[in-house]
Amino acid sequence: MSGRSEKSYIRKRKRKAAALSMVYHLLRIFPVRRNKIVFTAFEGDGGYCCNPRYIAEALLKRQEAYEMVWLVNNMSRQFPDGIRKVRNTFWRRVYHLATAKVWVDNSRKAYGTAKRKNQMYIQTWHAALEFKAVGKFRGDRFPKIAYLVSEYDSKLADYVLSNSEWCTRLYPEMLLYDGEIWKTGSPRCDVLVSGREQKYKEIRERYHIPGDAKIVMFAPTFRGGSQRGKRQVYVEEPTLDFASLTEALRKRFGGEWYVMLRLHPQLAAQLEGIPLRNRVEHMVDVSQADDMNEVLAAADVFITDYSSSAFDAINMYLPVFLYADDLKEYVEERGELMWDMHKLPFPVAESNERLQGDILGFSEEAYRKGIGDFLEEHGVLEDGHASERVAERIWEAVMMQG
């Protein structure tokens, strides 16, 4: 996008934001409902998932008289009793946000969204420790409009959740946020810490996988976003050789292996599944499953390229293998990564042959030590109680402050 066209685009977005803000102010004729909580995930593309899901579950367990509303783009998504799904259209979204005491979201609010003084906005974000450069760390690859939207949303937020000293230290520049950063742990990781045994069995039953079979989950990262000022969402056919992968896993760990494939929620909303020509026996596409972490809890091995889910998986000490065959191109497009991948406690392969070698040579003892050292060094807090902490804070705001 040229400098002139970018300036024109930004002026247009600012006019739309001003108009949106005016609508929110007009809707202040409606009172804020003290017990009303509105959830959103991945701009409405997510169903009952990610950090907002586990916060909602913790609230449901409290059996308080909450009015819980979930804004969703696909009304076929299923939600438990106690949560009312609402189609994420303009007027419904504005009305419910304008009249809710609490907002819970894992992505940015629309530019121009206006919050009242007696409302509370908890920004859970959708990644904690992560590979991809975010915010100011993107340097000149951070479009001006993305800067403006990020800064605007961060000024609305009352709390941003953190799971580590690393996040707490870097979030001001990553998220353009100077408010309270609350180290609670990641609510979506609670299921990995305290619900693994249950999900290990439940997921196998749901997808008709033998109880003694092993699962390798493959989740390539989201590519796209606000790249050079243009909103893009796309997926490429993975070059991962699934036949050699499952053979290497069988040789190293034994057992019968099933491959679970997972797209990012914003890709899954547009595609039925991962495009593949190199299918093998025992493959299950779980892209349409609402929540990734309940599936991840059932896995025995996790493979990704640059997804922050790798850092979720290590809280179970799950073997994680990175397959990053386009590392150079990805950095050129997205910017320098937040970590030196080769200094992390999991192996990095840029070819199928290297990935096979990493699997065959995997040392559980060395891996567990590396993970333990990493978690301690970066002050990671994942104890299975993050959702409870957030639910308690919401209860205080809703039931005690009025």
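Notes on the structure follow.

Reading the values: the criteria
Residues numbered from 1 in each chain as written. Predicted model: local features only at pLDDT ≥ 70, side-chain atom pairs only at ≥ 80, totals over all residues. Heavy atoms only, no water. Helix = DSSP H or I, 4+ residues; strand = E, 2+ residues; numbered from the N terminus. Rg over C-alpha atoms; globule rule 2.2 N^0.38 Å. Buried < 20%, exposed > 50% of the residue type's maximum accessible area, 1.4 Å probe, protein only. Contact = heavy atoms within 4.5 Å. Areas by Shrake-Rupley, 256 points an atom, 1.4 Å probe, with all protein chains shown as cover. Lys, Arg positive; Asp, Glu negative; His and termini not counted. Charge placed at Lys NZ, Arg CZ, Asp CG, Glu CD. Core = buried A, V, L, I, M, F, W, Y, C linked by side-chain atoms within 4.5 Å. Pairing = 2+ DSSP bridges. Axes fitted to C-alpha atoms, helices over the stretch in contact; angles between N-to-C directions. Parallel < 35°, antiparallel > 145°, perpendicular 65-115°, else oblique. Left-handed = near helix turned anticlockwise from the far one by under 90°. Nonpolar A, V, L, I, M, F, W, Y, C, P; charged D, E, K, R; others polar. Salt bridge = Lys/Arg side-chain N within 4 Å of Asp/Glu carboxyl O. Phe/Tyr/Trp six-rings, centres within 6.5 Å; stacked < 30°, edge-to-face > 60°. Polar contact = N/O pair within 3.5 Å; in protein donor to acceptor, adjacent residues only side chain to side chain.

Structural notes on the overall build of the protein
Logical step 1: Helix and strand counts for the protein stand at 15 helices and 15 strands.
Logical step 2: A compact globule built from 402 residues should have a C-alpha radius of gyration of about 21 Å, and the protein, at 21 Å, falls within 12% of that.
Logical step 3: Referenced to the eigenvectors of the C-alpha coordinate spread, the extents of the protein come out at roughly 65 × 55 × 40 Å.
Logical step 4: The buried share of the protein, taken over its 402 residues, is 57%.
Logical step 5: The contacts of the protein with a sequence gap of at least 6 include a subset with a gap of at least 24, amounting to 71%.
Logical step 6: By element, 48% of the accessible surface of the protein is carried by carbon and sulfur atoms, the whole surface being about 17800 Å².
Logical step 7: Of the charged side chains in the protein, 60 are positive and 56 negative; the average position of the first set lies 10 Å away from that of the second.

Some remarks on the nonpolar core
Note that soluble globular proteins tend to have their nonpolar side chains buried in a common cluster.
Logical step 1: With 98 residues, the main nonpolar core has F131, F302 and F346 as its most contacted residues.
Logical step 2: Sequence-distant contacts of F302, that is, excluding residues within four places in its chain, are made with M217, A219, M292, L296, S309, A310, A313, L318, P319, V320 and F321.
Logical step 3: Membership of the second largest hydrophobic core comes to 29 residues, among which are C50, A56, A58 and Y66.

Some details on the sheet that holds strand 3 (residues 83-87)
Logical step 1: Overall, parallel pairing links the 7 strands, which are arranged 3-2-1-4-5-6-7 in an open sheet. The strands lining the two open edges of the sheet, one partner per strand, are strand 3 and strand 7 (180-183). Averaged over all pairs of adjacent strands, the angle between strand axes in this sheet comes to 25°, irrespective of strand direction.
Logical step 2: In this structure, strand 1 (residues 33-40) lies alongside strand 4 (residues 100-105), joined through 5 bridges in parallel fashion. Bridging from a neighbouring strand, I37 pairs with V102 of strand 4.

Focus on the packing of helix 1 (residues 3-26) against helix 3 (residues 90-98)
Logical step 1: Their axes nearest at 9 Å, the elements helix 1 and helix 3 cross at an angle of 55°. The angle between helix 1 and helix 3 places the two elements in the oblique class. Seen from above, helix 1 lies across helix 3 with right-handed handedness. From helix 1, L20, V23 and Y24 reach across to helix 3, where they touch F90, W91, R93, V94, L97 and A98.
Logical step 2: The residue inventory of the contact of helix 1 with helix 3, partitioned by class, reads 8 nonpolar, no polar and 1 charged.

Some details on the pattern of salt bridges
For side chains bearing opposite charge, pairing can occur when the charged atoms are close.
Logical step 1: Tallied over the full model, the rule gives 21 salt bridges.
Logical step 2: A salt bridge links R354 to D358, with the nearest nitrogen and oxygen atoms 3.1 Å apart. Of the two residues, R354 and D358 both sit in helix 13 (residues 352-360), 4 residues apart, roughly one turn of that helix.

A word on the packing of aromatic side chains
Logical step 1: Applying the stated rule across the entire model yields 23 aromatic pairs.
Logical step 2: Arranged with centres 4.8 Å apart and planes meeting at 15°, the rings of W166 and W339 form a pair that is stacked. Taken together, the residues span a long stretch of sequence, with W166 in helix 5 (residues 165-174) and W339 in the loop between helix 12 (327-334) and strand 15 (348-349) at a distance of 173 residues. Of the two residues examined, W166 and W339, each falls in the buried class.

Overview of the side chain of D300
Logical step 1: Relative to the assigned elements, D300 resides in the loop between helix 10 (292-296) and strand 13 (301-304).
Logical step 2: The exposure class assigned to D300 is buried, which follows from its relative accessible area of 14%.
Logical step 3: A polar atom in the side chain of D300 sits 2.9 Å from the side chain of R204.
Logical step 4: When residues no more than four places from it in sequence are discounted, the contact partners of D300 are Y200, R204, A213, K214, I215, W257, L318 and P319.

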